[in-house]
Amino acid sequence: MNNTRLNSISVVGGAFGDEGKGKVVDEICHTLIKRFDKVIVYRWNGGSNAGHTVEVQNKKFVLHQIPSGALIEGATCILGKGMVIHPGDLVFELATIRDNSEIKTDIIVDEMTPLSLDTHRAFELSLKKKEEGGAGSTGRGISPAYADVIYRHPLRARDLLAKNWKEKFEKHYLLYRSLISGLGDDLAKTQVNSLSEGTQEVGNKTKFINKISGQRDRIGKYIKNVYNLVKENWNSKVPFVFEGAQGVGLDLRWGVYPDVTASDPTPSGIFSSTEGLVNPETIEIRANVYKATYTSSVGKRVLPTKMNEKLAARIREDANEYGATTKRPRDIYHLDLPALSFFSKVSMATHMVLTHLDISYPDTPVKVCTKYVNKKGQRLDYRPDQEFLNHALPVYESFKPWDGSKIKNSTNINCLSLSAKKYIKFLSQTLNLLPLMLTTGPKRESVINSNYLLF
Ligand code: IMP
């Protein structure tokens with residue numbers, strides 16, 4: 001029996017995040033909405049730690065928690081239970097969208113979604129001073145918010161609407177004040193990030209409660225029970241786009257410690273976020289997004305595929321490889337196929353999207369790591385363990401480059417040279433994934449064959 005749910009697609013980062021998923025999701029949604037007039041965009045993981053830029057009518061929108069589809073007329077965007085939501089950042093994002101565009105979309109936050117608050121951001125900062133585990137974190141309080149779920153005392157979006165909301169949030173504040181004071185810091189005086197006001201003090205309990213009070217007035221109407229909405233639409237023919245945040249290489253189980261995030265960036269997170277309504281194995285297309293000619297990474301992790309710094313710096317500037325949320329310069333590596341194959345396997349991918357195809361220089365062969373070996377030359381699999389990676393030796397294959405500047409922003413497959421096509425075919429065969437889409441530049445239109453490229 002074929003259980004595939006037609007017109008459903010999930011898009012996840014195939015490496016360590018920052019692959020350019022936002023634009024890919026945006027383009028897929030536009031294609032689908034032209035055919036169906038309606039699309040549901042569902043995000044299931046992460047929170048304000050993600051960041052993607054969407055360009056609409058020459059205006060740039062940087063979104064963190066709200067999925068890319070929020071700028072597409074007719075889309076319904078669901079912020080699912082598997083995410084963690086910062087209400088203050090959400091107020092800011094909603095205002096940015098509503099004040100700067102006429103676009104009408106439905107944005108709904110699952111009432112069950114846990115909250116990530118300034119208290120979590122402050123706690124993460126205090127922990128960071130004591131422990132190096134969270135050293136590379138984005139400072140958005142993501143892992144403490146998920147830890148609250150494991151400790152069985154999370155605040156959820158629906159607590160903002162509860163009659164006794166004040167009592168709940170006061171209790172939460174006092175708990176975190178004690179935890180942070182135990183680590184030798186003062187919660188009220190801790191400076192934390194916020195999208196609206198830059199860095200600012202958390203403040204005392206009264207200030208904290210007053211802030212939450214303002215936020216609940218602004219976002220209360222977006223918080224709903226989404227169970228029936230997801231169920232009814234999933235059982236109909238309405239297209240679904242599942243938008244992942246971060247990347248498989250940042251997964252707690254599949255990533256390299258300690259540069260891992262707390263949520264599930266793989267499609268398996270969709271199963272739990274939708275309370276079992278959507279079995280990811282029935283999603284028609286499960287696409288992993290990769291940078292075509294290199295792999296980027298932020299944090300302490302070191303991959304075996306180090307690139308010489310001259311080429312890395314060139315790529316960093318040409319592809320603007322600086323964090324969207326943190327502005328940190330990203331490390332640039334040669335494409336690491338042992339890692340990407342591993343990520344593709346554990347995330348059950350069926351298709352690949354290659355971004356940044358314009359990053360290729362006619363004078364520089366595209367060097368790809370096709371396998372790891374040990375000192376004796378014996379083949380090694382990729383394993384998500386820094387100790388292991390420190391001893392794995394990369395084996396490279398070089399491919400004839402193409403002139404990236406000539407294909408920048410092109411939208412036609414025929415613009416690609418034979419060498420680019422051969423390279424794409426090689427990746428498709430090695431990763432055992434069908435090519436779905438290619439991107440050739442930062443603009444929204446810089447996409448080749450969004451109608452599901454196959455060749
Ligand atoms: P957290 O998600 O803020 O807890 O950070 C944990 C790890 O995930 C750190 O190494 C971050 O740099 C990384 N991380 C989280 N979100 C992103 C992202 O959107 N792109 C790239 N790295 C990320």
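Note: the structure precedes this text.
Residues numbered from 1 in each chain as written. Predicted model: local features only at pLDDT ≥ 70, side-chain atom pairs only at ≥ 80, totals over all residues. Heavy atoms only, no water.

S.K.: I'd like to hear about the overall build of the chain, residue by residue, with values.
M.R.: Looking only at helices and strands, the chain features 13 helices and 19 strands. Here the C-alpha coordinates of the chain stretch approximately 65 × 50 × 45 Å along the principal axes. Here the chain holds 455 residues, and 58% of them are scored as buried. Expressed as a percentage of contacts within the chain between residues at least 6 apart in sequence, the contacts between residues at least 24 apart total 75%. Here the chain contributes 62 positively and 49 negatively charged side chains, and the mean placements of these two sets differ by 2 Å. (Helix = DSSP H or I, 4+ residues; strand = E, 2+ residues; numbered from the N terminus. Buried < 20%, exposed > 50% of the residue type's maximum accessible area, 1.4 Å probe, protein only. Contact = heavy atoms within 4.5 Å. Lys, Arg positive; Asp, Glu negative; His and termini not counted. Charge placed at Lys NZ, Arg CZ, Asp CG, Glu CD.)

S.K.: Go over the environment of S263, please, and point to the residues and values.
M.R.: Here S263 is to be found in the loop between β10 (240-247) and α8 (268-273). Residue classification places S263 among the buried residues on the basis of a relative accessible area of 4%. Measuring from C-alpha to C-alpha, the distance between S263 and K221 comes to 26 Å, with 42 residues separating the pair along the chain. What S263 contacts, discounting residues up to four positions off in sequence, is N45, G46, G82, Y146 and Q246. Within polar-contact distance, the side chain of S263 engages the side chain of N45 at 3.0 Å. In terms of polar contacts, S263 uses its side chain to reach the backbone amide nitrogen of G46, at 3.3 Å. (Polar contact = N/O pair within 3.5 Å; in protein donor to acceptor, adjacent residues only side chain to side chain.)

S.K.: I'd like a description of the sheet that holds strand β14 (residues 351-355), backed by residues and values.
M.R.: One open sheet holds the 10 strands; their spatial order is β9-β6-β5-β2-β10-β1-β11-β14-β18-β19, and the pairing between them is mixed. What marks the edges here is a single partner per strand, and that holds for β9 (223-224) and β19 (447-448). One ladder, built from 2 bridges, connects strand β18 (residues 434-439) with β19; its direction is antiparallel. Note on β19: the bridge partner recorded for L438 is I448. Contacts between helix α7 (residues 227-234) and the sheet are confined to β1 (5-13), β2 (39-43), β5 (75-79), β6 (106-110), β10 and β11 (283-291), with β10 contributing the most and set at about 120° to the helix. (Pairing = 2+ DSSP bridges. Axes fitted to C-alpha atoms, helices over the stretch in contact; angles between N-to-C directions.)

S.K.: Got a sec to walk through α7? Specific residues and values, please.
M.R.: Since the α-helix packs 3.6 residues into each turn, any two residues three or four apart lie on the same face. Considered for burial, the residues of α7 that qualify are V230, N233 and W234. Looking straight down α7, one finds its buried side chains confined to an arc of 100°; they lie on one side. As for α7, its buried residues are in contact with β1, β2, β5, β10 and β11. (Arc of directions from axis to C-beta.)

S.K.: Account for the site of the ligand, naming residues and giving values.
M.R.: Taken together, 14 residues lie near the ligand, and D18, N49, T138, T261 and R328 sit nearest. Side-chain polar atom of D18 to a nitrogen atom of the ligand: 3.0 Å apart, as the coordinates give it. Within the side chain of R328, one N or O atom sits 2.9 Å away from an oxygen atom of the ligand. When isolated, the ligand has an accessible area of 470 Å², and the protein chains bury 94% of it. Class assignment for the residues of the shell around the ligand results in 5 nonpolar, 6 polar and 3 charged. (Near = heavy atom within 4 Å. Areas by Shrake-Rupley, 256 points an atom, 1.4 Å probe, with all protein chains shown as cover. Nonpolar A, V, L, I, M, F, W, Y, C, P; charged D, E, K, R; others polar.)

S.K.: Mind laying out the packing of aromatic side chains, listing which residues take part and the relevant values?
M.R.: Two aromatic rings are characterised by how far apart their centres lie and by the angle between their planes. Summed over the entire model, instances satisfying the criterion amount to 16 aromatic pairs. Between F123 and Y176, the aromatic rings sit 5.5 Å apart at their centres with planes inclined by 85°, giving edge-to-face as the arrangement. With F123 in helix α3 (residues 118-130) and Y176 in helix α5 (residues 165-182), the pair connects residues that are 53 residues apart, well separated along the chain. By relative accessible area, which is 2% here, Y176 ends up buried. Seen from their ring centres, F342 and F343 are 5.9 Å apart, and the 65° between their planes marks the pair as edge-to-face. Summarising the burial analysis for this pair, F342 and F343 share the class buried. The lysine or arginine in question, K367, covers the ring of Y396, its NZ or CZ lying 4.4 Å from the ring centre. (Phe/Tyr/Trp six-rings, centres within 6.5 Å; stacked < 30°, edge-to-face > 60°. Lys NZ or Arg CZ within 6 Å of the ring centre and 35° of its normal.)

S.K.: Any details on unusual backbone geometry? Residues and values, ideally.
M.R.: For the bond from Y257 to P258, the omega torsion is 0°, close enough to zero to count as cis. Among the structural elements, P258 can be located in the loop between β10 and α8. A positive phi is found at N320, a non-glycine position, where the angle reads about 50°. Examined against the element boundaries, N320 turns out to sit in the loop between α9 (309-318) and β13 (331-336). Residue class for N320 comes out exposed when judged on its relative accessible area of 53%. Within the chain, M348 stands out as a residue other than glycine whose phi angle is a positive 55°. Mapping M348 onto the fold places it in the loop between α10 (337-346) and β14.

S.K.: If you had to explain the environment of I40 to someone new, which residues and values would you point to?
M.R.: Tracing the sequence through the fold places I40 in strand β2. Along the primary structure I40 and P239 are separated by 199 residues, whereas in three dimensions their C-alpha atoms are 6.3 Å apart. Not counting chain neighbours up to four residues away, the residues in contact with I40 comprise T76, I78, N233, V238, P239, F240 and V241.

S.K.: Describe the environment of S116, listing the residues and the values that go with them.
M.R.: Tracing the backbone shows S116 in the loop between β6 and α3. For S116 and A157, which are 41 residues apart along the polypeptide, the C-alpha to C-alpha distance reads 9.7 Å. In this structure S116 touches V84, I85, H86, P87, R140, G141 and A145, once residues within four positions along its chain are discounted. From its side chain, S116 meets the backbone oxygen of G141 in a polar contact 3.4 Å long.

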